[in-house]
Amino acid sequence: MFLTDEQKRMRDGERGEPVQVAMDMLCALGEIYGAEKLIPVKSAHCAGLSLKSHGIAGMKWAEDMAAKGARVVVPTTMNVIGVDRSRDLGLPKDWTEHQLRIEKAYEDMGCFGTSSCVPYYYSFLPKFGEHIAWAESSAVVFTNSVLGARDNREGGPSAWAAGITGFTPYYGLHLDENRTGDILFKVTVPLNGIADYGAVGSYVGKLTGEKIPVFDGLGHPSTEELVYFGAALASSGGVALFHAIGITPEAPDLETVFRGKKYEVVELGAKELEQGYANLTSGKSRDVDFVALGCPHCSLAQVAELAKMLEGKHVKEGVTMWIHTNMAVKAMAEQLGYRKMIEDAGAVLTQDLCVVLSNPEALGFKTLATHSPKMAFYAPGGNSLNTWYGSEERCVQAALTGRWEW
Ligand code: F3S
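In this report, we go over the structure that sits alongside the text. (Residues numbered from 1 in each chain as written. Predicted model: local features only at pLDDT ≥ 70, side-chain atom pairs only at ≥ 80, totals over all residues. Heavy atoms only, no water.)

## With respect to the site of the ligand
Our working rule: The rule for a residue being near a molecule or strand is that one of its heavy atoms must lie within 4 Å of it. Detection works on a 1 Å grid of protein atoms alone, calling trapped sets that fit a 1.4 Å probe cavities and calling open sets with protein on both sides within 12 Å along at least five of seven lines pockets, with lining residues defined by an atom within 4 Å of a point. A pocket or cavity is taken to hold a molecule when more than half of that molecule's atoms are within 2 Å of the pocket's grid points.
Taken together, N79, V80, C117, E136, S138, C295, P296, C354, V356, L357 and K374 are the residues near the ligand. If you map the ligand onto the pockets, it falls in the second largest pocket.

Right, here's the structure in full:
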């Protein structure tokens with residue numbers, strides 16, 4: 001891989017050990033994927049920051065890099081962590097302490113302690129055509145598909161290395177020729193709400209793996225529906241980019257998306273939608289003791305909608321309800337009274353954390369209800385939770401009654 005003289009000096013240690021370590025990572029990645037060179041990035045997003053992903057060894061490594069002077073050179077945001085920094089949710093003390101040490105190490109390196117998988121909702125919004133190095137699969141698929149930024153599905157270490165050096169290897173989705181569609185999905189069933197979009201995304205993700213799906217007839221999704229749709233494609237499959245004809249910026253028509261390539265056509269109707277729901281449901285007992293919403297983190301509009309659904313009601317005794325968001329949205333929800341409405345109803349509006357990357361299993365929950373296709377995909381294996389998947393209305397009902405009905 002070609003390196004400029006400056007990049008060679010960085011790799012040879014002229015700017016200290018952390019930059020050298022980061023350059024070694026990027027060069028290794030570039031060699032593996034056949035990149036011709038390194039290109040500058042405008043921003044990075046570090047993921048894998050929970051204690052579950054980092055472990056104690058990763059925590060010590062991050063502290064060591066920070067102590068040796070590692071500092072990011074482009075705006076670098078941080079993904080969710082495994083605790084809520086604003087309150088004690090009863091998670092084990094050593095878990096919390098180690099998690100906070102990871103957060104601090106990255107903040108010491110100059111990263112923004114955003115602790116969220118949706119930094120694009122506030123301030124950190126990549127532009128069309130901009131090269132970035134973001135990890136967190138749900139964010140990558142959104143920035144690539146909906147915003148038209150150029151991003152590979154980075155891992156935590158390679159996103160960190162890009163933040164430290166300002167470079168990433170030039171391969172994969174950074175090249176226009178790798179952004180053409182592979183399969184056309186004709187959507188013939190109307191989709192209503194986040195759970196429908198998540199179910200279809202999950203069905204398609206399982207079919208396509210890492211191919212680039214193209215959708216025709218996706219309706220008029222809201223931003224939040226596109227976020228959850230992308231999260232489903234990225235978790236059930238390895239999708240990092242999708243196109244929706246007439247909706248996403250690189251997909252004005254079929255000709256532009258496929259560029260003369262031959263493609264398979266698959267129809268998505270009511271049967272496939274139903275199968276998508278079934279794929280995400282592993283619940284056996286209908287007695288629900290845990291309801292978790294906001295994966296990816298809720299927008300302010302979602303928080304407001306949930307607050308209105310819960311107003312004047314109360315979560316059933318014995319049921320825990322967490323609504324996940326980030327500190328920015330929580331601060332707005334506080335000012336606007338939504339947090340009070342939610343917490344008067346006995347639910348909790350959390351910041352920073354998510355169920356999948358936290359440790360809710362330590363609290364003894366058995367059966368989860370969620371509207372999140374990504375959480376429903378990971379929670380049965382990662383958190384040992386039987387899971388019911390459905391709309392916000394169904395999840396709120398489950399929180400109020402302790403039962404998953406329908
Ligand atoms: Fe975000 Fe955690 Fe879900 S990182 S997308 S809330 S699994």
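## Some details on the environment of A70
Just so we agree on the cut-off: Runs of E in the DSSP output that reach at least two residues are strands. Runs of H or I that reach at least four are helices, and both are numbered from the N terminus.
Here A70 is to be found in the loop between helix 3 (51–67) and strand 3 (76–78). With 36 residues separating them in the primary sequence, A70 and Y106 have C-alpha atoms 9.3 Å apart.

## Quick notes on the sheet that holds strand 10 (residues 290–293)
Backbone-to-backbone hydrogen bonds join strands into a sheet, with any given pair of strands oriented parallel or antiparallel. How we decide: Two strands qualify as a pair provided that DSSP identifies no fewer than 2 bridges between them. Axis definition: a line fitted to C-alpha atoms, over the contacting stretch in the case of helices. Angles run 0 to 180 degrees between N-to-C directions.
A sheet is described by the order of its strands in space; here five strands give the open sequence 12-11-10-13-14, paired in parallel fashion. Here the strands that pair on one side only, and so sit at the sheet edges, are strand 12 (348–351) and strand 14 (386–389). The mean angle between the axes of side-by-side strands here comes to 25 degrees, regardless of whether they run parallel or antiparallel. In this sheet, strand 14 lies alongside strand 13 (residues 367–370) in parallel orientation, the contact comprising four bridges. Within the sheet, the bridge partner assigned to A369 lies in strand 14 and is W388.

## Regarding the sheet that holds strand 6 (residues 183–187)
A sheet is described by the order of its strands in space; here four strands give the open sequence 8-7-6-9, paired in parallel fashion. Only two strands of the sheet have a single partner each, and these edge strands are strand 8 (243–244) and strand 9 (264–268).

## Regarding the packing of helix 3 against helix 4 (residues 93–108)
Our working definition: Relative orientations are named as follows: roughly parallel for angles under 35 degrees, roughly antiparallel for angles over 145 degrees, roughly perpendicular for angles from 65 to 115 degrees, and oblique for any other angle. The hand of a helix crossing depends on one turn: near helix anticlockwise from the far one by less than a right angle means left-handed, and clockwise means right-handed. A contact between two residues is defined here by any heavy atoms of the two lying within 4.5 Å. Gly is placed with the polar residues, together with every amino acid not listed as nonpolar (Ala, Val, Leu, Ile, Met, Phe, Trp, Tyr, Cys and Pro) or charged (Asp, Glu, Lys and Arg).
It is the contact of helix 3 with helix 4, at a shortest axis distance of 9 Å, that shows an interaxial angle of 40 degrees. Relative to helix 4, the element helix 3 lies oblique. For the pair helix 3 and helix 4, the crossing hand works out as left-handed. Counted together, L51, K52, H54, I56, M59, W61, A62, E63 and A66 of helix 3 and W95, H98, Q99, R101, I102, A105, Y106 and D108 of helix 4 form the full contact between these two elements. Looking at side-chain class alone, the contact of helix 3 with helix 4 contains ten nonpolar, three polar and four charged residues.

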